[in-house]
Amino acid sequence: MESYSFKATLNNIKPLIILLKAIASSQNYNTNCLISNYGIKFSLQSSSTVEARAYIQKTYFQEYTLEINKNNDNQEIISQTQEPNDNVNIKENSEFSNNEINNSNKNSEIIFSLNINTLLDCLTIFGGFQLSNTNSIKNSRNDKSSNSDINIIDNSKSRTTLRMECNSSNKRLDLLLEDNGVITVCKLNTFEFNETSEIEEMFKQFPLINHLILNSKWLNDAFSTIDSSCDEITLRISNEIPYFEITATNVSGTIKIEYSKNPEVIETFNCKATSIFSYNYSLITSMFKALALSTKTQIKTNSKGVIQFQFMIPTIDTSVCFVDYIIIPSIE
Amino acid sequence: MRMKAKVINTILFTKMLQSVEKLNKTCVIKFTKDKIYLIVSKIELTELQVWGQVAVDLLFEEFIIESANNNEIWIELRTDQVIRVLKSAQAAIDVYCKLTKKTGLPSLSFNIKSMYRGDNPVLLVQDIPIRVLNLYHINEYKEPMVPQPHVHILMPPLVSVRTIIDRMKSMSNYLTISANFNGEFILKIETEAVSVETYFKDLISPDLNQVNNSSQQDKPKNQFSECQISIIDFEKFVHSYVINPSSVICSIIENFAVVFYVYVKNETMSYMDYDQETRQFGALTYYIPAIIT
């Protein structure tokens, strides 16, 4: 069994924190982490019917290396040749770098699970980024169509940098954070990766019938109008008017929100067949944080009604990262 | 027994009380000719104690005190009530306080004169019920004696420490504090799930004018002394940031206690009266016992 070691540095931890906060919940669920050559994926299954995933691409990091650990013999050899013998060192180095190219193949990955709230506590040790709902704090109106009602309050006075290290053989994630000369070292013990992700399977197994991309603000507004006392939300997507409709019922009555195909609202609209599916309201609420942070939402439904909401969240400058939620419909 | 004074620095008085407000419902104030003492001890579920003192001149003018007990008066009162009264007096022109009896019960009475809308004087009287401590009760309050510390160091700014502790406390109940004479200070927690250590460096080791005893001289500068305490106790001490202290000194006595000296800074008084030697206008001392696990 091969073991991998991972090292990465991040000059600004804000995107990572935003991403994790978007999917974290107050309950301490084990969150799966998958470190690959594409980046890091966190996935959290908060019930048997909802799975949340957050992705941070390798390009965010200033340094990102994932390589196979040489077996023990070779490692001993390397540690012995720390002498001031230039020839030997150079040769050793070139061998090492050749191996590096071979070792970081596309299949390299480190997997484990940990408590996302503990990870967030460590990352925010020098001050957090509050995701608050206050409308009194206005974002500067730049060309970003960021109409989200959640504004990010930056509590840290200066930039915190992060260095992550992880070795698949010692089951530990080490974080080294620095802020203004003060250093914090966190060592988190990790657990077994939760192999089963039936929810993702249920989404992939069946053919996609609908696909639309809309401006998050419209979706956010819709969900804000729906009262939290509703049990279910029904989504109807079809090729006839109304193209996209959200319905919710509670004791006081029913609310129906209809969207036209106006490209200002719905950027992309692909509908192969009419779909009407209902989802448990309490499950939908788990994605509100991510929705509010995002600028665009992509919705995909498969023939069984398993729905994927993918949120595009702006981070620094023009960069974005993604969070998605897969939700199983409630049984009729 | 008599006590009367004109309160000239309600803000400082308020801040000192706010530092300790969360520790306990009541606090003890001891009035003497030269100093005002603030004592919070006998707190439920913890052995933490706070003993503060401030020169009378910093808080009061026209101060009169008389008592059969060596001209000392000890009172116990609700901290939140005094704070509320002092806050209402912040914009006042004159504030006088005195010990009185209202409806037969001893109180600390405040006369607050303010101006309403420029011209009209308004006189507000606020009475706080108090308990005057008798000799028997006074003897229950003894400032903790601590041995010579193994190390002392000037703390980094409390506001920075505050955010760090806020995170650490959700991960562990115990905190290990260590420091050395090389200006290094470490906060450390360790549980089964995670270990977190925060290193501060380039701090100052103050010269406390203590007699150099062998235990301090022999110790190499790099060697750390440490002590484990309750993280909640530490958090309570960190709350003293509200006072905006001029400096905070941490003293570690291994396996015994950690003592923090929070020095009060007076922003309103002119620096001409500043005592350069001791750099003190007053201080709050937090005694936190070690927890051995």
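Remember, predicted model here, so these are calculated numbers, not experimental data.

**Q** I keep staring at the overall build of chain A and nothing clicks. Help me out?
**A** Secondary structure summary: chain A contains eight helices and 20 strands in total. Counting only residues that meet the buried cut, chain A has 48% of its 332 residues in that class. If you take every contact in chain A between residues at least 6 apart in sequence, the share linking residues at least 24 apart comes to 66%. On chain A, roughly 16,700 Å² of surface is accessible, and the fraction owed to carbon and sulfur atoms is 48%.

**Q** How do you make sense of the overall build of chain B when you look at a structure like this?
**A** Looking only at helices and strands, chain B has seven helices and 18 strands in total. Over its C-alpha atoms chain B spans a radius of gyration of 21 Å, differing by no more than 12% from the 19 Å that the globule rule assigns to 293 residues. With the C-alpha coordinates of chain B rotated into their principal frame, the extents come out at 60 × 40 × 40 Å. Out of the 293 residues belonging to chain B, those deemed buried represent 49%. Considering only residue pairs separated by 6 or more positions, chain B has 67% of its internal contacts joining residues 24 or more positions apart. Just so you have it, chain B exposes about 14,900 Å², and 49% of that area is on carbon and sulfur atoms. Across chain B, the centroid of the 30 positively charged side chains sits 8 Å from that of the 32 negatively charged ones.

**Q** What's the story with the pairing of strand β14 (residues 244-250) of chain A in this structure? I'm lost.
**A** The side chains of a regular strand alternate, residue by residue, between the two faces of the sheet. All names here are of chain A. Across the seven residues of β14, six count as buried, placing the element largely inside the fold. Connecting strand β13 (residues 232-237) to the antiparallel partner β14 that follows it, the hairpin turn spans six residues. The pairing of β14 with strand β15 (residues 253-259) spans seven bridges and is classified as antiparallel. Looking across to β15, one finds that Ile 246 is bridged to Ile 257.

**Q** Whenever I open this one, unusual backbone geometry confuses me. Can you help?
**A** Glycine aside, residues mostly have negative phi, and peptide bonds are mostly found in the trans state. For the bond from Ile 241 of chain A to Pro 242 of chain A, the omega torsion is -10°, close enough to zero to count as cis. Looking at the element boundaries, Pro 242 of chain A is found in the loop between β13 and β14. Unlike most non-glycine residues, Asn 244 of chain B shows phi in positive territory, near 55°. Mapped onto the fold, Asn 244 of chain B is located in the loop between α7 (231-238) and β16 (247-253). Within the chain, Asn 255 of chain B stands out as a residue other than glycine whose phi angle is a positive 60°.

**Q** Looking at this structure, I do not really get the pattern of salt bridges. What am I missing?
**A** Between side chains of opposite charge, a pair can form when the charged atoms approach closely. In this structure the tally under the stated criterion is 21 salt bridges over all chains. Here Glu 235 of chain B makes a salt bridge to Lys 169 of chain B, at a shortest N to O gap of 2.6 Å. Of the two residues, Glu 235 of chain B is situated in helix α7 and Lys 169 of chain B in the loop between α5 (158-168) and β12 (174-179); the sequence distance between them amounts to 66 residues. Where salt bridges share partners, they join Glu 51, Arg 53, Glu 200, Lys 204 and Asp 324 of chain A into one cluster.

**Q** How should I be thinking about the sheet that holds strand β15 (residues 225-230) of chain B in this particular structure?
**A** Strand pairing in a sheet relies on backbone hydrogen bonds, with the paired strands running either antiparallel or parallel. Read across the open sheet, the nine strands follow the order β5(A)-β1(A)-β9(A)-β10(A)-β11(A)-β14(B)-β13(B)-β12(B)-β15(B); overall the sheet is antiparallel. The open sheet is flanked by β5 (63-68) of chain A together with β15 of chain B, the only strands paired with a single partner. Across the sheet, the axes of successive neighbouring strands diverge by a mean angle of 10°, strand direction being ignored. Bridge analysis of strand β13 (residues 185-190) of chain B against strand β14 (residues 194-200) of chain B gives six bridges, and the strand direction is antiparallel. Opposite Glu 190 of chain B, over in β14 of chain B, you have Ser 195 of chain B as the bridge partner. Across the sheet, α7 of chain B lies against β12, β13 and β15 of chain B, angled at about 95° from β15 of chain B, the strand it touches most.

**Q** Help me understand the sheet that holds strand β19 (residues 307-314) of chain A, please; the structure alone is not making it clear to me.
**A** Residues and elements named next belong to chain A. The strand order across the open sheet formed by nine strands is β6-β2-β3-β4-β20-β19-β18-β12-β16, and the pairing between neighbours is antiparallel. Looking along the sheet, the strands with just one partner apiece sit at the ends: β6 (109-115) and β16 (266-271). Each neighbouring strand pair of the sheet contributes to a mean axis angle of 15°, computed without reference to strand direction. Judged from the six bridges that link them, strand β18 (residues 296-302) and β19 form a sheet pairing that is antiparallel. Its bridge partner being in β19, Thr 297 is matched across the sheet by Phe 311. Contacts between helix α1 (residues 14-23) and the sheet are confined to β3 (39-47), β4 (50-57), β19 and β20 (320-327), with β4 contributing the most and set at about 175° to the helix. This element, helix α4 (residues 116-123), spans β2 (30-36), β3 and β6 of the sheet and lies at about 90° to β6.

**Q** I tried to follow the side chain of His 239 of chain B on my own but got confused; where do I start?
**A** As for its position among the elements, His 239 of chain B is in the loop between α7 and β16. In this structure His 239 of chain B touches Gln 18, Ser 19 and Lys 22 of chain B, once residues within four positions along its chain are discounted.

**Q** What exactly am I supposed to notice about the domain arrangement of chain A here?
**A** Reports of interface size often rely on the accessible area that becomes lost once the parts have come together. Residues and elements named next belong to chain A. Segmenting chain A into domains produces domain 1 (3-189) and domain 2 (200-327). Contacts between the two partners involve 28 residues from domain 1, matched on the other side by 26 residues from domain 2. In this assembly, domain 1 packs against domain 2 so that about 2,400 Å² is buried in total across both faces, 56% of it on carbon and sulfur atoms. When the area that domain 1 buries against domain 2 is broken down by residue, the three leading residues are Ala 22, Arg 53 and Tyr 60, summing to 22%. In this structure, Arg 53 and Asp 324 form a salt bridge, with 2.5 Å as the shortest nitrogen-oxygen distance.

**Q** Help me understand the pairing of β18 of chain A, please; the structure alone is not making it clear to me.
**A** Residue and element names in this part refer to chain A. By the criterion of burial, β18 is predominantly enclosed, with five of the seven residues buried. Sheet topology note: the strand β12 (residues 208-215)/β18 ladder contains seven bridges and is antiparallel. In the sheet register, Leu 212 faces β18, and the bridge partner there is Ile 299. Remark: four residues form the turn of the hairpin made by β18 and β19, two consecutive strands paired antiparallel; Gly 305 in that turn has positive phi of roughly 90°.

**Q** Where do I start with the side chain of Thr 10 of chain B in this structure?
**A** All names here are of chain B. Mapped onto the elements of the fold, Thr 10 is located in helix α1 (residues 10-20). What makes Thr 10 buried here is its relative accessible area of 8%. Leave out the neighbours within four places in its chain, and Thr 10 touches Leu 86, Ala 89, Gln 90 and Val 95.

**Q** It is not clear to me how the environment of Phe 206 of chain A should be interpreted in this structure. Could you clarify?
**A** For Phe 206 of chain A, the position within the fold is in the loop between α5 (198-205) and β12. Sequence separation of Phe 206 of chain A and Phe 42 of chain A is 164 residues, and the distance between their C-alpha atoms is 24 Å.

**Q** I keep staring at empty space enclosed by the protein and nothing clicks. Help me out?
**A** Taking a probe equal in size to a water molecule and rolling it over the atoms shows the remaining empty space. Residue and element names in this part refer to chain B. With the rule as written, the count across this model stands at three cavities of 30 Å³ or more. Quantified by volume, the largest cavity comes out at close to 60 Å³. In this structure, the largest cavity is lined by Phe 13, Met 16, Leu 17, Ile 29, Ile 36, Tyr 37, Leu 38 and Val 54. Within the residue set of the lining of the largest cavity, elements represented by two or more residues are α1 and β3 (35-40). Partitioned by chemical class, the residues of the lining of the largest cavity number eight nonpolar, no polar and no charged.

About the criteria used
- Residues numbered from 1 in each chain as written.
- Chains lettered and ligands numbered in written order.
- Predicted model: local features only at pLDDT ≥ 70, side-chain atom pairs only at ≥ 80, totals over all residues.
- Heavy atoms only, no water.
- Helix = DSSP H or I, 4+ residues; strand = E, 2+ residues; numbered from the N terminus.
- Buried < 20%, exposed > 50% of the residue type's maximum accessible area, 1.4 Å probe, protein only.
- Contact = heavy atoms within 4.5 Å.
- Areas by Shrake-Rupley, 256 points an atom, 1.4 Å probe, with all protein chains shown as cover.
- Rg over C-alpha atoms; globule rule 2.2 N^0.38 Å.
- Lys, Arg positive; Asp, Glu negative; His and termini not counted.
- Charge placed at Lys NZ, Arg CZ, Asp CG, Glu CD.
- Pairing = 2+ DSSP bridges.
- Salt bridge = Lys/Arg side-chain N within 4 Å of Asp/Glu carboxyl O.
- Axes fitted to C-alpha atoms, helices over the stretch in contact; angles between N-to-C directions.
- Domains from an automatic or database assignment.
- Buried area = accessible area lost by both parts, 1.4 Å probe.
- 1 Å grid on protein atoms, 1.4 Å probe; cavity = no way out; pocket = protein on both sides within 12 Å on 5 of 7 lines; lining within 4 Å.
- Points joined across faces, edges and corners; volume = space filled by probe spheres on them.
- Nonpolar A, V, L, I, M, F, W, Y, C, P; charged D, E, K, R; others polar.

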